[in-house]
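Survey of secondary and tertiary structure
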Number of protein chains: 2
Amino acid sequence: MPTFDDQCPTQEHFVTRVPQKSVGFTLSQIGLENARQFALVAGQFGLEPRHFAVLHALADRDGLSQQSVGDNLSIPASTMVSIVDHLESAGLVERHLEPHDRRTRVLHLTGAGRARLTDALRGAHEHEARICFNFTAIERAELLSLLERVATNLGIAPNSLPDHGSGTHPEH
Amino acid sequence: MPTFDDQCPTQEHFVTRVPQKSVGFTLSQIGLENARQFALVAGQFGLEPRHFAVLHALADRDGLSQQSVGDNLSIPASTMVSIVDHLESAGLVERHLEPHDRRTRVLHLTGAGRARLTDALRGAHEHEARICFNFTAIERAELLSLLERVATNLGIAPNSLPDHGSGTHPEH
DNA sequence: TATTGTTATACTCTATAACTATA
DNA sequence: TATAGTTATAGAGTATAACAATA
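Residues numbered from 1 in each chain as written. Chains lettered and ligands numbered in written order. Predicted model: local features only at pLDDT ≥ 70, side-chain atom pairs only at ≥ 80, totals over all residues. Heavy atoms only, no water.

Remarks on the overall build of chain A
Check the secondary structure of chain A and you find eight helices and two strands. Across the 172 residues that make up chain A, the buried fraction comes to 48%. Of the contacts formed within chain A by residues at least 6 apart in sequence, a portion of 56% connects residues at least 24 apart. Looking at chain A as shown, the accessible area adds up to about 7,900 Å², and 51% of this sits on carbon and sulfur atoms. (Helix = DSSP H or I, 4+ residues; strand = E, 2+ residues; numbered from the N terminus. Buried < 20%, exposed > 50% of the residue type's maximum accessible area, 1.4 Å probe, protein only. Contact = heavy atoms within 4.5 Å. Areas by Shrake-Rupley, 256 points an atom, 1.4 Å probe, with all protein chains shown as cover.)

Right under this line is the structure:
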């Protein structure tokens, strides 16, 4: 933990002058703005970020139960209902009864759902290119590497981080 | 905009396999988790992130009007009322009438407010050290530099970014 | 007429707990 | 009795618009 102190004056300096930028604040600002803009991108495809996330999870592994998807994405069961309702009424997902246990509803992507996700992923891809504008491949990899170390410091297991898309921020 | 494509397979690959991590999603995840944890830190000092942000703004420049602080932090006027109400009833801030224009309420930090902010800044400082654990000074500077380029790409003027603290995320 | 602060209100989001149907 | 899904409800947070005082 050698770093930060080197650049930080005294406490009083903090209060009166307010010194250099912090990683924490910058991350919060950027994370929020990024989530906002990604919501706009997803919206162009008729999806909210959470809809996108659910479709994405199903593309990764089709036939999951509603609950296991929710657990995976940290979405409570009651919220999952309205999300899947929306996706189902839009014809993107189907609820199938599981013959072995008729309590559970197994979720399947429809063809339309897969097509919609493909489009939305194209949008996400463009969004990613936009926020990494002017980055070389090496710089982007460097940023990802640093961010994953921050994630570790925050106690977010790297493995629990989904792999693509732009977040499931609530708030807007 | 050369980078991302190099590492990205076809669209179909996206849908079926879901490839590598994205800067966008990682930033959203980290930004949200960081805001959560900073809210806990601020809470240890009896402050919500927005309370902290207002105190911080006043420490930077005392005697601002309620509205100009709100504009500065993108907090709507009606929300500023309840924030300042809270800070005032806690004895951290005072509303003074401006003799030249008796519509405006000028905000002043009290001694207690300044002391509270000093404590909270110490907490923020520790929080910053925590999320930058194991970073060298050079790595931290590198991360900040990359993040500011992302901020620019997101259309957030670097100048509009406050300098310390950990964000004013709503959402929880 | 425009502006600062205030109040009241409506809206969104989320979480909690109760309910059903299965097991 | 426990679990998957559903429903209903209440709470927090935010934004919108009307209002008062002042300019």
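Some points on the nonpolar core
As a rule of thumb, soluble globular proteins bury nonpolar side chains together. With 28 residues, the main nonpolar core has A:Leu27, A:Leu143, A:Leu147, B:Leu27, B:Leu143 and B:Leu147 as its most contacted residues. Apart from the residues lying within four places of it in its own chain, the contact partners of B:Leu143 are A:Val23, A:Leu143, A:Leu146, A:Leu147, A:Val150 and B:Phe135. (Core = buried A, V, L, I, M, F, W, Y, C linked by side-chain atoms within 4.5 Å.)

Points about the packing of aromatic side chains
Within the structure shown, the criterion is met by two aromatic pairs over all chains. Ring centres 5.3 Å apart and planes at 75 degrees place the aromatic pair A:Phe38 and A:Phe52 in the edge-to-face group. Linking A:Phe38 in helix 3 (residues 23-43) with A:Phe52 in helix 4 (residues 49-60), this pair joins segments that are 14 residues apart in sequence. The exposure class of A:Phe38 is buried, given its relative accessible area of 1%. Judged by relative accessible area, A:Phe52 falls into the buried class, the value being 3%. A:Arg149 extends its terminal NZ or CZ atom over the ring of B:Phe135, reaching a point 4.3 Å from the ring centre. (Phe/Tyr/Trp six-rings, centres within 6.5 Å; stacked < 30°, edge-to-face > 60°. Lys NZ or Arg CZ within 6 Å of the ring centre and 35° of its normal.)

A closer look at helix 6 (residues 77-89) of chain A
Residues and elements named next belong to chain A. Under the 1.5 Å per step criterion, the end-to-end length of helix 6 is 18 Å for 13 residues, consistent within 8% with the ideal 18 Å. Those residues of helix 6 not exposed but buried are Met-80, Ile-83, Val-84 and Leu-87. Projected down its long axis, helix 6 shows its buried positions confined to an angular sector of 95 degrees, all on one face. With respect to the buried face of helix 6, the exposed residues turned more than 90 degrees away are Ser-78 and Ser-89. Where helix 6 is buried, its residues touch helix 4, helix 5 (66-73), strand 1 (93-97) and strand 2 (105-109). (Expected span 1.5 Å × (residues − 1). Arc of directions from axis to C-beta.)

With respect to helix 6 (residues 77-89) of chain B
Against helix 4 (49-60), helix 5 (66-73), strand 1 (93-97) and strand 2 (105-109) of chain B lie the buried residues of helix 6 of chain B. Positioned one or two residues after helix 6 of chain B, B:Gly91 has a phi angle of 75 degrees, which is positive.

Digging into the environment of A:Ala53
Inspection of the secondary structure puts A:Ala53 in helix 4. A sequence separation of 20 residues divides A:Ala53 from A:Leu73, and the C-alpha atoms of the two residues are 7.8 Å apart.

Remarks on the packing of helix 3 of chain A against helix 7 (residues 111-131) of chain A
All names here are of chain A. Contact pair helix 3 / helix 7: the axes reach a minimum separation of 10 Å and the direction vectors enclose 145 degrees. Once helix 3 is placed against helix 7, the crossing between them reads as right-handed. Between helix 3 and helix 7, the contacting residues are Asn-34, Gln-37, Phe-38 and Val-41 on the first element and Gly-123, Ala-124, His-127, Arg-130 and Ile-131 on the second. Of the residues assigned to the contact of helix 3 with helix 7, the class counts are four nonpolar, four polar and one charged. (Axes fitted to C-alpha atoms, helices over the stretch in contact; angles between N-to-C directions. Left-handed = near helix turned anticlockwise from the far one by under 90°. Nonpolar A, V, L, I, M, F, W, Y, C, P; charged D, E, K, R; others polar.)

With respect to the pattern of salt bridges
Going through the model one piece at a time under the given rule, you end up with 14 salt bridges over all chains. Residue A:Glu139 pairs with B:Arg149 through a salt bridge whose shortest N-O separation is 3.0 Å. A residue pair is termed interchain when its members come from two chains, as with A:Glu139 in helix 8 (residues 137-153) and B:Arg149 in helix 8 (residues 137-153). Between B:Arg122 and B:Asp119 there is a salt bridge whose closest N-O contact spans 3.4 Å. You can see B:Arg122 and its partner B:Asp119 sitting in helix 7 (residues 111-131), three residues apart, about one turn around the helix. For B:Arg122, a relative accessible area of 37% gives the class partly exposed. When salt bridges that share partners are traced, they join A:Asp85, A:Glu88 and A:Arg95 into one network. (Salt bridge = Lys/Arg side-chain N within 4 Å of Asp/Glu carboxyl O.)

Section: the confidence of the model for chain A
Put simply, chain A has an average pLDDT of 82, and 79% of its residues get 70 or more. Residue range residues 159-172 of chain A is modelled with pLDDT below 50. Its contacts to residues more than four positions away, or to other chains, number 54 contacts. (pLDDT = per-residue confidence, 0-100.)

Describing the environment of B:Leu143
Here B:Leu143 lies in helix 8. Counting along the chain gives 11 residues from B:Leu143 to B:Cys132, while the straight-line C-alpha distance between them is 9.9 Å.

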